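# Structural characterization, general
Here are the chains, one letter per residue:
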Amino acid sequence: MSDVAIGAGGRGDGAFRPATILLVVAVGILAFVAMLVLGAYAPDFRSGRNGGTHALSNAATGFSGIVRLAQATGRNPLIARSEQMFDTEDLLVLTPQTGSTEMGHILSRRTGKATLVVMPKWITVRDPAHPGWVRAQGFMPGWDLERTIAPAYPMKVERRRGGGTLKTVPAHAPAELSFVAPGPLQTAVGPRLQPIITDGSGRPVLVKAGAGPLYLLTDPDLLSNRGMADRRQAAAALAMLDFLNSTDSGHIVFDVTLNGLGRSRSPLRLLFDPPFLAVTLAVVAALLLAGLQALTRFGPPRPPQRAIAFGKAALIDNAAALVRQARREAALGGRYAEMIRDKAVTVFGVPARLRDGAVADYLDRLDGRERFSTLAGAAREARGREALLAAAQALHRWQWEKKG
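Below or above, wherever it landed, is the structure these notes cover. None of these values were measured; they are calculated from a predicted model.

If you tally the helices and strands in the chain, you get 12 helices and 12 strands. Within the chain, the fraction of its 404 residues that count as buried is 35%. Accessible surface computed for the chain: about 24200 Å², of which carbon and sulfur atoms make up 60%.

The structure is reproduced here in structure tokens:
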């Protein structure tokens, strides 16, 4: 019962062959890694075709058309899914869903950098017959739109019948911005808004807010997919973006974080982005090497051992372990000295009439360099493990010297 169970010799037939098991493990590892990568980059895979008013939407109120047009004409549009892209000198186009959308943190970060805010206009619902499309149900309330860049820039929003060509203020814009007014046309006036494009009555459609390069497009239909259906409107939209962009810019950045399509900083993504990708690859290589090492045995197999050994040695070891566990080693010094004395009485023929002290005196008179009583006293007084061992060894040498 004390033996360790040992299997029979030879290799038994398992439920799977080794090659099958290795294949299952490899597929599991690859699936786990794929899940990690997909979890890290999932925000980038969202198409954004949800009928919203942003640069990825293919709805009439979306702006994917101007993005594709800018890409086709070499203007290198970028989709900003994180706030780290807001530090660029390129023109940043913001498309809030409503006038109450919080943009203060972005506008303060973009101080002194070209930024275009496209004001929303329509209340829409999804078109059940066409995924990604919407149906207009009316206009957004003016009081909500007036909060788009308030309170720094208060304004009054108005809507007028569309039609006719929009005009540019000669001191601010080139004549290429020849838009046709959509119907109805949404305009805004305010004390700190400088008009750049107006309708025939002088109501501003594109304005510059304040002294910095912050611009507001009051009617999104000039830039939305609905407007890009007309060649003239599309050409004017590209000219407007070029005019608002900085002179040394290489891109136009369209933000989608305000529309819920941004991505946050993820520790998981850091594993797959430089410079941390090198550390990830090093860890994977180390794990592969450790796995290869585990598959190969180094040295001969160790023979199985009994749970409980045979013989007196095992009994002595167990007894010593109990004494050591109880911390009673120091109390054994006197017992060991008495054992040596009793053994010496038999070996050296000590008279039977002698008792305790007389026996010690008799043993002290035996020839030798050391006295028994001195060694026995040292053993009884030993308290530490080292002192007890030294006293026991001295008594053992005394016994063998007297025998020899």
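Below, the discussion takes up the packing of helix α9 (residues 332-347) against helix α11 (residues 372-381). It is at 7 Å that the axes of α9 and α11 come closest, and there the two elements cross at 150 degrees. Looking at the two axes, α9 sits roughly antiparallel to α11. α9 and α11 meet at a crossing whose hand is right-handed. For the pair α9 and α11, contact is made by Gly333, Gly334, Ala337, Ile340 and Arg341 and by Phe372, Ala376, Ala379 and Arg380, respectively. Class assignment of the residues belonging to the contact of α9 with α11 gives a composition of 5 nonpolar, 2 polar and 2 charged.

On to the environment of Trp143, then. Checked against the element boundaries, Trp143 lands in helix α4 (residues 142-145). C-alpha separation for the pair Trp143 and Lys156, spaced 13 residues apart in sequence, amounts to 8.3 Å.

Here helix α8 (residues 311-326) spans 23 Å end to end across 16 residues, near enough to the 22 Å set by a 1.5 Å rise per residue. Looking one or two residues beyond α8, the residue adopting positive phi is Arg327, at roughly 60 degrees.

Turning our attention to the nonpolar core. Ile66, Leu116, Leu206, Leu217 and Leu223 are the most contacted members of the largest nonpolar core, which totals 38 residues. Put simply, the parts of the chain that give this core at least two residues each are α2 (64-72), β2 (91-94), β3 (115-118), β9 (193-198), β10 (204-209), β11 (214-217), α5 (231-244) and β12 (252-255). Counting residues per element, this core draws most heavily on α5, at 8 residues. The residues touching Leu217, leaving out its near neighbours within four places in the chain, are Leu116, Val117, Val118, Met119, Val205, Leu206, Leu222, Leu223 and Met240. Counting 22 residues, the second-largest nonpolar core is a separate cluster that includes Ile106, Ala209, Leu216 and Leu258.

What follows concerns the sheet that holds β11. An order of β1-β12-β2-β3-β11-β10-β9-β7 is seen for the 8 strands of this open sheet, with the pairing classed as mixed. Each end of this open sheet is capped by a strand with a single partner; those strands are β1 (77-80) and β7 (167-168). Across 4 bridges, β3 lies against β11 in parallel orientation. Paired with Val117 across the bridge in β11 is Leu216. Seen against the sheet, α5 touches β2, β3, β9, β10, β11 and β12 and runs at an angle of roughly 125 degrees to β2.

What follows deals with the pairing of β12. Looking along a regular strand, one sees the side chains alternate between the two faces of the sheet. Residues of β12 alternate between two faces, with Ile252 and Phe254 on one and Val253 and Asp255 on the opposite face, all of them buried. Summarising the sheet, β1 and β12 pair through 4 bridges and their orientation is parallel. Bridge pairing in β12 links Leu78 to Val253. Of the pairings in the sheet, the one linking β2 to β12 comprises 3 bridges and is parallel in character. Within β12, the position partnered with Leu91 by the bridge is Ile252.

The next thing to look at is the pattern of salt bridges. The tally for this structure, following the rule as stated, stands at 11 salt bridges. The partner of Arg341 in a salt bridge is Asp342, with the nearest N and O atoms 3.5 Å apart. On the accessibility criterion, Asp342 (44% relative accessible area) is partly exposed. Among the charged side chains, a network of salt bridges with common partners joins Lys121, Asp219, Asp221 and Arg226.

Definitions and cut-offs
Residues numbered from 1 in each chain as written. Predicted model: local features only at pLDDT ≥ 70, side-chain atom pairs only at ≥ 80, totals over all residues. Heavy atoms only, no water. Helix = DSSP H or I, 4+ residues; strand = E, 2+ residues; numbered from the N terminus. Buried < 20%, exposed > 50% of the residue type's maximum accessible area, 1.4 Å probe, protein only. Areas by Shrake-Rupley, 256 points an atom, 1.4 Å probe, with all protein chains shown as cover. Axes fitted to C-alpha atoms, helices over the stretch in contact; angles between N-to-C directions. Parallel < 35°, antiparallel > 145°, perpendicular 65-115°, else oblique. Left-handed = near helix turned anticlockwise from the far one by under 90°. Contact = heavy atoms within 4.5 Å. Nonpolar A, V, L, I, M, F, W, Y, C, P; charged D, E, K, R; others polar. Expected span 1.5 Å × (residues − 1). Core = buried A, V, L, I, M, F, W, Y, C linked by side-chain atoms within 4.5 Å. Pairing = 2+ DSSP bridges. Salt bridge = Lys/Arg side-chain N within 4 Å of Asp/Glu carboxyl O.

So far we have only geometry, and geometry alone does not tell us how the molecule works.
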